[in-house]
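Notes for the structure review
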Amino acid sequence: MNHDDERPGVSENGLDIRAAAERHACSRNTIYNLIKKGTLPSELIVVAGRDGRRVRKHLIKVEDLDAAFSTEAQDRHVAAIRAAAPPFTEEQRARLAVLLNPGTRR
């Protein structure tokens, strides 16, 4: 048995919504909404709840969860924009210095 099996919400098949939200420091509603929109795949299973009644749970693969929260594509897009942008002219630098310096009046 691995250490993940000792934590509630974690199984060999994946994480439940609560564990997924804790992993990425977001709300359970965020995870549920990603599942509902189809952005985050999950497996719906039926398990025994705390009081013995059957409950439905979404199980999410860790790889799918990490991919949904990945900023890799965004980082590549920003890098491409920065690479294509021309450098500031001296006049632009001077104007920015005036705007961003709190002690300078316009």
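So, a few notes on the structure that sits alongside this text. (Residues numbered from 1 in each chain as written. Predicted model: local features only at pLDDT ≥ 70, side-chain atom pairs only at ≥ 80, totals over all residues. Heavy atoms only, no water.)

Moving on: a nonpolar patch on the surface. On the surface, Phe88, Leu96, Leu99 and Leu100 cluster together into a nonpolar patch covering about 420 Å² of accessible area. Tracing the backbone through its elements, the reader meets Leu100 in helix H5 (residues 90–100). (Patch = residues over 30% accessible without salt bridge, like charges linked within 9 Å, V, L, I, M, F, W, Y side chains within 5 Å. Areas by Shrake-Rupley, 256 points an atom, 1.4 Å probe, with all protein chains shown as cover. Salt bridge = Lys/Arg side-chain N within 4 Å of Asp/Glu carboxyl O. Helix = DSSP H or I, 4+ residues; strand = E, 2+ residues; numbered from the N terminus.)

A few words now on the nonpolar core. Listed in full, the 11 residues of the largest apolar core are Leu15, Ile17, Ala19, Ala20, Ala21, Ile31, Leu34, Ile35, Leu40, Ile60 and Leu65. Mapped by element, the contributors of at least two residues to this core are helix H1 (17–23) and helix H2 (28–37). Looking at this core element by element, the count peaks at four residues for H1. Sequence-distant contacts of Leu40, that is, excluding residues within four places in its chain, are made with Ile31, Leu34, Ile35, Ile60, Asp64, Leu65 and Ala68. (Core = buried A, V, L, I, M, F, W, Y, C linked by side-chain atoms within 4.5 Å. Buried < 20%, exposed > 50% of the residue type's maximum accessible area, 1.4 Å probe, protein only. Contact = heavy atoms within 4.5 Å.)

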